[in-house]
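Residue-level structure breakdown
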Amino acid sequence: MKVLKYMSIGLLTLALGSCGSDYLDRDDLRGLDADAAATAAGNNPDVFLNGIWSHLVDMYASQHDTFNFMATLHACDMGTEDIAMAAEHWFNYDYQVDNRMYNYRRVNVSWTTFYTTISKANEVIGLYPNGGSTDGEKALLGQALAMRGFSYYYLIQLFRNYMTPEGTVNMTQKGLPLILTSVDVPDEAERTKLKGANTVARVFEQIESDLTRGVQLLEESKYKRPSKNYVDAHVANGLLARYYLLAQKWSDAATAAKKARSGKFYDGDPGYEPMGNAGLHDGFYDIENSEWMWGFDHSTETSTVYASFFSMISNLAPGYAGLGYAPRLIDARLYSQIPDDDYRKSLFNGPEGDKSQPTSAAQLPYANVKFGDDGNWTMDYMYMRAAEMYLIEAEALVRQGQGGQAAQVLGELMKYRQPSWNASEVTLNEILFQRRIELWGEGFRWFDMKRNNLGIDRTYEGNNHLPGDYQLKIPGQDVRWTYQIPRSEMQENDQLTDDDQNP
């Protein structure tokens, strides 16, 4: 029923953005002056950071398709042609590319996920007007800045059409509200004005500033994180590489991506290299995989069971996909393009299916068996891994006309994926194709399509998408590539006007 798209609308966390003394209003800091609070936070950063990490995996609005960050990524993936659903169920409106209106639940969940992360990051940023004095304070502040930049990076892509038809970034296009602290912008009137639409250029400026400062602080502090839940210099450089790719700063993207995977930021830092064939087939659910750079280490206390990413994506876990409600399949045309000797092809069934698989969902033609099951619903979430960094670096080199050098970088990954691969030069299309295979189901394809003005075509002969409204064709630049701003935000934010809403 169409009503599933709707949700009750309340005040969003955007109201937290005034950031006067509010950022000190925490039980663990109450009664301390600002300096003492900053010192306490620097000595015990988990108090602040664990709230951010847990928020990203929490449920919103008690609906099973609203598990915050990974729900947004999965919804976007469902709006491409690379994933097919075998039956209608959760995320079917996203699959129809019909879940973008201002009063729909998906829009509100995505907006609130990232603006809440921003408000949590601002609590930390507001503590350090001088940038932090100890390594602990710098590491805490660096992570907060990285997470704020991370949030605006996703928001601008979801909620604005930032590309021109010619393929360049439209810097004069309307942007989004920037919620900053008095540390960032001392003048209250200016901070208030920044809660308006701004421009894409201004939002990009903030993303770049936050991420570069975050990288600097994490490198300076030689921060060695306690677990992969946290953001270190590798991850912050990876986020910066993603942003530079979006902003078409190709040289900077290549440099940041290489630093992200191979930098040595503390004593004994091993960096990251691609996993081998065995790692590819471990189910993509263990944060201890050597290639994983960042993710969330789930426990029985944090697991949301049916309302989770693995419930939707894994045909092997006993969730909605695995129980047969809506198995997730690879697009038939994409599967046919994967070379037979590429190890990644075995992460999917062929057109004949595979009766040896343990669930009926995993036996289907084109069923993905990439994502597995650990038996107790504590499968970890993956946010970043080294393979992406090789692909970013290779793409950035191709964009600069360095196809031969790009082939060398890509070859460092491909020897672990398809040992027969030996191209001496690569094209942009080859890089984008490798991203489709390597990052399938991990939340990247929709963003790649939007930044490249690519369209969706599920109407080809022999497609395996559901019939009717699901077999659609949508060109790049179509309004369906952009969410509308939530109704609550348009009503409550007096810095926005009706003209700031997306069509």
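Residues numbered from 1 in each chain as written. Predicted model: local features only at pLDDT ≥ 70, side-chain atom pairs only at ≥ 80, totals over all residues. Heavy atoms only, no water.

1. Describing the overall build of the chain
Each helix and strand counted, the chain has 18 helices and six strands in total. Scaling as 2.2 N^0.38, a compact globule of 503 residues should have a C-alpha radius of gyration of about 23 Å, and the chain matches this with 22 Å. Counting only C-alpha atoms, the chain reaches 65 × 55 × 50 Å along its principal axes. Accessible area of the chain: about 18600 Å², with a carbon and sulfur share of 47%. Counting 46 positive and 67 negative side-chain charges, the chain places the centres of these two groups 3 Å from one another. (Helix = DSSP H or I, 4+ residues; strand = E, 2+ residues; numbered from the N terminus. Rg over C-alpha atoms; globule rule 2.2 N^0.38 Å. Areas by Shrake-Rupley, 256 points an atom, 1.4 Å probe, with all protein chains shown as cover. Lys, Arg positive; Asp, Glu negative; His and termini not counted. Charge placed at Lys NZ, Arg CZ, Asp CG, Glu CD.)

2. What to know about the packing of aromatic side chains
Evaluated as defined, the whole model comprises 34 aromatic pairs. Measuring from ring centre to ring centre gives 5.0 Å for Trp294 and Tyr383, while their planes differ by 75°; the resulting arrangement is edge-to-face. Of this pair, Trp294 sits in strand E2 (residues 292-296) while Tyr383 sits in strand E4 (residues 381-385), and the two are 89 residues apart along the sequence. Judged on exposure class, the residue Trp294 and its partner Tyr383 are both buried. One aromatic cluster is present, formed by Phe69, Phe114, Phe150, Tyr153, Tyr154, Trp294, Tyr383, Trp446, Phe447 and Trp481 through successive ring pairs. (Phe/Tyr/Trp six-rings, centres within 6.5 Å; stacked < 30°, edge-to-face > 60°. Buried < 20%, exposed > 50% of the residue type's maximum accessible area, 1.4 Å probe, protein only.)

3. With respect to the pattern of salt bridges
Following the criterion strictly, the structure yields 31 salt bridges and no others. Of the charged contacts, one joins Glu388 and Arg242 as a salt bridge, the two residues approaching to 2.7 Å between their closest N and O atoms. On the criterion of sequence distance, the pair formed by Glu388 in helix H14 (residues 386-399) and Arg242 in helix H9 (residues 233-247) is long-range, its members being 146 residues apart. In this pair, the class of Glu388 matches that of Arg242, namely buried. Between Arg435 and Asp448 there is a salt bridge; the shortest N-O distance is 2.6 Å. Here Asp448 lies in helix H17 (residues 445-451) and Arg435 lies in helix H16 (residues 428-438), a separation of 13 residues in the sequence. Exposure class is identical for Arg435 and Asp448. Each is buried. Shared partners join several salt bridges into a network, and the residues in it are Glu291, Asp342, Arg344, Lys370, Arg385, Arg417, Glu438 and Glu442. (Salt bridge = Lys/Arg side-chain N within 4 Å of Asp/Glu carboxyl O.)

4. A few points about the side chain of Asn92
Its place among the elements puts Asn92 in helix H4 (residues 92-95). Setting aside chain neighbours within four positions, we find Asn92 in contact with Met85 and Tyr470. (Contact = heavy atoms within 4.5 Å.)

5. Quick notes on the pairing of E4
Taking burial as the measure, the five residues of E4 include five buried ones, the bulk of the element. Across four bridges, E2 lies against E4 in antiparallel orientation. Each residue of the ladder has a partner; that of Trp292, found in E4, is Arg385. (Pairing = 2+ DSSP bridges.)

6. Structural notes on the environment of Glu208
Residue position: Glu208 is located in helix H8 (residues 200-220). Distance from Glu208 to Tyr152, taken between C-alpha atoms, is 9.9 Å for residues 56 residues apart in sequence. If we skip the residues at most four places from it in the chain, Glu208 touches Tyr243, Tyr244 and Lys249.

7. A closer look at helix H10 (residues 250-262)
End to end, H10 covers 18 Å across 13 residues, agreeing with the expected 18 Å (1.5 Å per residue, within 8%). Taken together, the buried positions of H10 are occupied by Trp250, Ala253, Ala254, Ala256, Ala257, Ala260 and Arg261. (Expected span 1.5 Å × (residues − 1).)

8. As for the packing of helix H1 (residues 34-43) against helix H6 (residues 135-159)
Viewed as axis vectors pointing N to C, H1 and H6 meet at an angle of 85°, and their least axial separation amounts to 8 Å. As judged from the angle between their axes, H1 and H6 are roughly perpendicular. Taken together, the residues of H6 that come into contact with H1 (itself represented by Ala38, Thr39, Ala41 and Gly42) are Gly136, Glu137 and Leu140. Partitioned by chemical class, the residues of the contact of H1 with H6 number three nonpolar, three polar and one charged. (Axes fitted to C-alpha atoms, helices over the stretch in contact; angles between N-to-C directions. Parallel < 35°, antiparallel > 145°, perpendicular 65-115°, else oblique. Nonpolar A, V, L, I, M, F, W, Y, C, P; charged D, E, K, R; others polar.)

9. So, a nonpolar patch on the surface
Where nonpolar side chains cluster on the molecular surface, the patch consists of Tyr306, Leu323 and Tyr325 and spans about 300 Å² of accessible area. Along the chain, the position of Tyr325 falls in the loop between helix H12 (309-313) and strand E3 (328-330). According to the relative accessible area criterion, Tyr325 is partly exposed, its value standing at 44%. (Patch = residues over 30% accessible without salt bridge, like charges linked within 9 Å, V, L, I, M, F, W, Y side chains within 5 Å.)

10. Looking at H9
With 15 residues, H9 extends 21 Å from end C-alpha to end C-alpha; this agrees with the ideal 21 Å at 1.5 Å per step. Of the residues flanking the start of H9, the one acting as N-cap is Asp232, its side-chain oxygen 3.1 Å from the backbone nitrogen of His234. Positive phi shows up at Gln248, right after H9, with a value of about 65°. (Polar contact = N/O pair within 3.5 Å; in protein donor to acceptor, adjacent residues only side chain to side chain.)

11. Quick word on the side chain of Asn289
Along the polypeptide, Asn289 turns up in the loop between helix H11 (277-280) and E2. Look at Asn289 and you get buried, because its relative accessible area is 7%. At 3.0 Å, the side chain of Asn289 and the side chain of Asp282 are in polar contact. Sequence-distant contacts of Asn289, that is, excluding residues within four places in its chain, are made with Lys228, Met275, Gly279 and Asp282.

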